[in-house]
Amino acid sequence: MFELKPISAQSVPEALSKVERYRLLNESWLAESICLDILRVEPDNQAALVALLLSRTDQFPQGVAPSSAREVVRQLRDPYDRAYFSGLICEREASTTLRRGSPFAGYEAYDSLREAMDWFEKAEALRPPENDDAILRWNTCARMLMRNSTLRARPEEKVEVLLDD
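Treat the numbers as computed from the prediction; the structure is a model and nothing was measured.

Caption draft 1: Geometry of helix α5 (residues 79–100). Between its first and last C-alpha atoms α5 spans 32 Å; for 22 residues at 1.5 Å apiece the expected length is 32 Å, and the two agree. The N-cap of α5, judged by a side-chain oxygen 2.8 Å from the amide nitrogen of Tyr80 a few residues on, is Asp78. Positioned one or two residues after α5, Gly101 has a phi angle of 65°, which is positive.

Spelled out as structure tokens, the structure:
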């Protein structure tokens, strides 16, 4: 196996700018790799943690598990960031579920969007002044639910209890 080479602490700002570029080029796995290199040098670098989380959510359609992004949320110090990015993970999970189109995708995506909206409401309560990002994301989720009739709550199952005579 290979031993990874460390980057210097002085190169972190430039490495972070490369992360953004690779995400914009839809090369999120490269962005993720750079984030991991940054975090080896600066384990608590919040910008690198957010970029890592976003890089992983970008890769949901390719099969990267939402749990890998949720692991990163736990490392964020700011309660607003934890709530906001938890919502973002749920929102992107819903979008990926819809694209896959499984038989129960509408129900699963609905559940994920409702969870996202709950997180965005928590983030809204914690947001800094003049930051309406959580409101914008909540509205996006609401519009998705209102525009797509396949997105709905699972019907309640009727359970019949058979009584012995």
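Okay, back to it.
Caption draft 2: Region of interest: the packing of helix α4 (residues 66–73) against α5. Relative to each other, α4 and α5 sit at 175°, their axes nearing to 10 Å. Considering the angle they form, α4 stands roughly antiparallel to α5. Here Pro66, Ala69, Arg70 and Val73 of α4 lie close against α5, whose contacting residues are Arg82, Phe85, Ser86, Ile89, Cys90 and Glu93. Here the residues of the contact of α4 with α5 sort into six nonpolar, one polar and three charged.

Caption draft 3: Region of interest: unusual backbone geometry. The residue Asn26 is not glycine, and still its phi comes out positive at about 60°. Looking at the element boundaries, Asn26 is found in the loop between α1 (12–24) and α2 (28–41). Residue classification places Asn26 among the exposed positions, given a relative accessible area of 68%. Within the chain, Glu130 stands out as a residue other than glycine whose phi angle is a positive 65°. Considering the arrangement of structural elements, one finds Glu130 in the loop between α6 (105–126) and α7 (133–147). Take Glu130: its relative accessible area is 85%, and that puts it in the exposed class.

Caption draft 4: Examining the nonpolar core more closely. In terms of nonpolar packing, the biggest core is built from 39 residues, with Val19, Ile38, Leu53, Tyr84 and Phe85 touching the most fellow members. Ranked by the residues each element gives to this core, the list is headed by α5, at eight residues. In this structure Phe85 touches Val50, Leu53, Leu54, Val73 and Leu76, once residues within four positions along its chain are discounted.

Caption draft 5: A look at the packing of α5 against α6. Closest axis-to-axis distance for the α5/α6 pair is 8 Å, and the angle between their directions is 165°. Our classification of the angle between α5 and α6 gives roughly antiparallel. In the packing of α5 onto α6, the handedness of the crossing is left-handed. Across the contact of α5 with α6, the residue classes break down as 16 nonpolar, four polar and five charged.

Caption draft 6: Region of interest: the packing of aromatic side chains. For the structure on display, the rule yields four aromatic pairs. Ring geometry for Tyr80 versus Tyr84: centroids 5.8 Å apart, planes at 20°, classification stacked. Of the two residues, Tyr80 and Tyr84 both sit in helix α5, four residues apart, roughly one turn of that helix. Given a relative accessible area of 6%, Tyr80 falls into the buried group. For the pair Tyr84 and Phe120, a centre-to-centre distance of 5.7 Å together with 50° between the ring planes defines the contact as tilted. Of this pair, Tyr84 sits in helix α5 while Phe120 sits in helix α6, and the two are 36 residues apart along the sequence. Per residue, the accessibility class of Tyr84 equals that of Phe120, and both read buried. Taken together, the ring pairs connect Tyr80, Tyr84, Phe85 and Phe120 into an aromatic cluster. Sitting over the face of the ring of Trp119, Lys122 holds its NZ or CZ atom 4.5 Å from the ring centroid.

Quick notes on the rules
Residues numbered from 1 in each chain as written. Predicted model: local features only at pLDDT ≥ 70, side-chain atom pairs only at ≥ 80, totals over all residues. Heavy atoms only, no water. Helix = DSSP H or I, 4+ residues; strand = E, 2+ residues; numbered from the N terminus. Expected span 1.5 Å × (residues − 1). Polar contact = N/O pair within 3.5 Å; in protein donor to acceptor, adjacent residues only side chain to side chain. Axes fitted to C-alpha atoms, helices over the stretch in contact; angles between N-to-C directions. Parallel < 35°, antiparallel > 145°, perpendicular 65-115°, else oblique. Contact = heavy atoms within 4.5 Å. Nonpolar A, V, L, I, M, F, W, Y, C, P; charged D, E, K, R; others polar. Buried < 20%, exposed > 50% of the residue type's maximum accessible area, 1.4 Å probe, protein only. Core = buried A, V, L, I, M, F, W, Y, C linked by side-chain atoms within 4.5 Å. Left-handed = near helix turned anticlockwise from the far one by under 90°. Phe/Tyr/Trp six-rings, centres within 6.5 Å; stacked < 30°, edge-to-face > 60°. Lys NZ or Arg CZ within 6 Å of the ring centre and 35° of its normal.

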